[in-house]
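Remarks on the overall topology
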2 protein chains.
Amino acid sequence: MVTKAEREPQPRLPLTRRRILGAAIELADAEGIAAVTMRRVARQLGVEAMSLYHHVANKEDLLDGMVDEIVRKIEDELGVFTVEKGTTGWQQKLRHMMLTARRVMLRHPWAPAVIETRTKMPPSLIRYFETILGTMIEGGFSYDLAHHAMHTLGSRALGFNQELFVPDTSAEEQESNEMFAAMMAELPYMVGMLSEISHDSPDSTLGWCDDQTEFEFGIDLILDGLERLRDQGT
Amino acid sequence: MVTKAEREPQPRLPLTRRRILGAAIELADAEGIAAVTMRRVARQLGVEAMSLYHHVANKEDLLDGMVDEIVRKIEDELGVFTVEKGTTGWQQKLRHMMLTARRVMLRHPWAPAVIETRTKMPPSLIRYFETILGTMIEGGFSYDLAHHAMHTLGSRALGFNQELFVPDTSAEEQESNEMFAAMMAELPYMVGMLSEISHDSPDSTLGWCDDQTEFEFGIDLILDGLERLRDQGT
DNA sequence: ACCTGAACACCGTTCAAGT
DNA sequence: ACCTGAACACCGTTCAAGT
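This structure is a prediction, so every number in the text was calculated from the model and none was measured. (Residues numbered from 1 in each chain as written. Chains lettered and ligands numbered in written order. Predicted model: local features only at pLDDT ≥ 70, side-chain atom pairs only at ≥ 80, totals over all residues. Heavy atoms only, no water.)

1. With respect to the pattern of salt bridges
Residues and elements named next belong to chain A. What the rule picks out here adds up to 26 salt bridges over all chains. Ionic pairing is found between Arg-127 and Glu-75, a salt bridge with its closest N-O pair at 2.8 Å. Of this pair, Arg-127 sits in helix H6 (residues 123-138) while Glu-75 sits in helix H3 (residues 59-81), placing them 52 residues apart in sequence. Under the relative-accessibility criterion, Arg-127 is labelled partly exposed at 36%. Its relative accessible area of 22% is what places Glu-75 among the partly exposed residues. The salt bridge partner of Arg-95 is Asp-220, with a shortest N-O separation of 2.8 Å. Pair noted here: Arg-95 is in helix H4 (residues 90-107) and Asp-220 is in helix H11 (residues 211-231), with a separation of 125 residues, a long-range link. A relative accessible area of 25% places Arg-95 in the partly exposed class. (Salt bridge = Lys/Arg side-chain N within 4 Å of Asp/Glu carboxyl O. Helix = DSSP H or I, 4+ residues; strand = E, 2+ residues; numbered from the N terminus. Buried < 20%, exposed > 50% of the residue type's maximum accessible area, 1.4 Å probe, protein only.)

2. Focus: the packing of helix H7 (residues 143-153) of chain B against helix H11 (residues 211-231) of chain B
All names here are of chain B. Between H7 and H11, the shortest axis-to-axis distance is 11 Å and the interhelical angle comes to 165°. It follows that H7 is roughly antiparallel to H11 by the angle criterion. In terms of crossing hand, the pair formed by H7 and H11 is right-handed. Facing H7, whose interface residues are Leu-145, Ala-149, Thr-152 and Leu-153, H11 presents Ile-222, Leu-226, Leu-229 and Arg-230. Its residues assigned to classes, the contact of H7 with H11 comprises six nonpolar, one polar and one charged. (Axes fitted to C-alpha atoms, helices over the stretch in contact; angles between N-to-C directions. Parallel < 35°, antiparallel > 145°, perpendicular 65-115°, else oblique. Left-handed = near helix turned anticlockwise from the far one by under 90°. Contact = heavy atoms within 4.5 Å. Nonpolar A, V, L, I, M, F, W, Y, C, P; charged D, E, K, R; others polar.)

3. Regarding the packing of H6(A) against helix H7 (residues 143-153) of chain A
All names here are of chain A. Interhelical geometry of H6 versus H7 gives an angle of 130° and a closest axis separation of 10 Å. In terms of orientation, H6 lies oblique with respect to H7. Crossing handedness for the pair H6 and H7: right-handed. Facing Phe-129, Ile-132, Leu-133, Met-136 and Ile-137 of H6, the residues of H7 in contact are Tyr-143, Ala-146, Ala-149, Met-150 and Leu-153. Of the residues contributing to the contact of H6 with H7, the split by class is ten nonpolar, no polar and no charged.

Next up, the structure:
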């Protein structure tokens with residue numbers, strides 16, 4: 001159930017690719033990517049599922065388009081803020097781009113997973129990487145180091161960290177005492193870390209870690225490493 | 001079409017969870033993760049789809065189990081080789097673990113995507129991270145730094161790099177001349193990088209990049225950065 | 001040119017029934 | 001206890017038909 005009416009009141013504006021992508025993104029934001037089916041997106045627009053196929057080739061193309069729109073949002077947000085003072089160094093520029101991208105991603109939590117399953121880069125993403133690359137080259141990187149840097153940044157360039165373990169606290173509280181005792185015995189380091197971490201990070205999204213802090217730690221470590229390699233002329 | 005007969009010749013060995021997971025992994029290896037449906041896995045075992053539900057709760061549980069099996073394979077491979085000479089430092093130990101994990105992942109290319117969609121950690125993965133964590137703590141890390149380190153390594157700890165852009169060469173060759181001319185104009189840095197990279201890396205999986213080299217570059221940059229932070233007592 | 005309705009070949013999963 | 005067959009409520013996509 002999306003909040004907006006599933007039938008448009010308007011006399012029917014013409015269906016366009018952009019309008020379809022917008023509806024799909026709204027749906028994904030509201031109900032998760034699983035809700036994005038051809039039939040549901042169509043219903044959202046007051047139209048039959050088959051009508052979509054006149055504007056998108058198939059579902060993969062729909063997902064490609066959604067990613068393209070999301071990256072455009074990053075570009076838009078950068079366009080507004082990028083002309084700031086004081087962000088002169090390549091390191092600050094990249095940091096700013098990545099944190100901006102992250103803000104957009106946090107608004108569309110389904111996007112990282114969809115991006116990672118894409119098999120071809122949408123045009124906006126190529127432009128985005130061109131900007132990152134240009135920042136590095138103008139910052140004194142060789143093409144070779146810049147290339148390595150792109151791979152090392154990976155998804156962080158787009159503002160997200162592939163979080164491998166997202167332990168849900170609810171499940172954790174269910175399997176309580178004896179489970180924890182067994183853990184103490186077999187996983188001493190894990191238990192040690194958790195007991196030290198858990199009371200330090202009140203802002204945690206998941207009860208454990210402050211994702212924003214971890215994201216920034218990661219990019220800073222990588223950016224510092226890259227600067228060192230640039231200075232020794234790799 | 002999988003090479004092995006879809007009907008088992010044996011008088012019918014009893015269905016077990018391990019046997020189901022094994023069949024699912026075989027299927028994913030041979031035909032990709034999309035071929036792993038309850039019906040297909042069942043057929044592979046000469047059984048009806050519904051029979052699987054006596055050993056796995058549902059499809060998510062099946063996927064959880066597949067990941068668990070894959071991580072066990074890493075543990076097995078580590079068990080054999082881990083008692084080597086000369087791998088005394090924490091850096092070499094971690095490097096060795098990650099490269100071992102990577103060898104396993106390369107044999108099961110569907111695994112990274114499945115791992116990233118898991119919502120809870122399978123037991124083998126907890127054990128695996130305990131080993132990594134222990135290596136860091138014994139190597140002089142604070143729990144806090146070790147925690148940041150886990151987040152920074154991310155999927156690299158399991159041997160894969162979230163490759164964002166996997167441009168397929170076939171598509172690239174199709175949209176040839178005018179496309180490339182437009183690219184020259186709008187994407188000068190990209191073109192510059194590509195022309196320098198392309199003739200340097202003959203071993204590339206995709207025609208562009210040597211994934212193994214990029215993986216090692218990334219982990220080494222991160223490990224070096226961590227060592228520096230450890231030494232300054234963060 | 002754009003949209004539709006019925007239909008096809010799939011899914012995961014439930015349920016009542018078999019042995 | 002373990003396996004089955006039919007059925008349900010979905011998918012993405014094709015095709016021929018409407019305007």
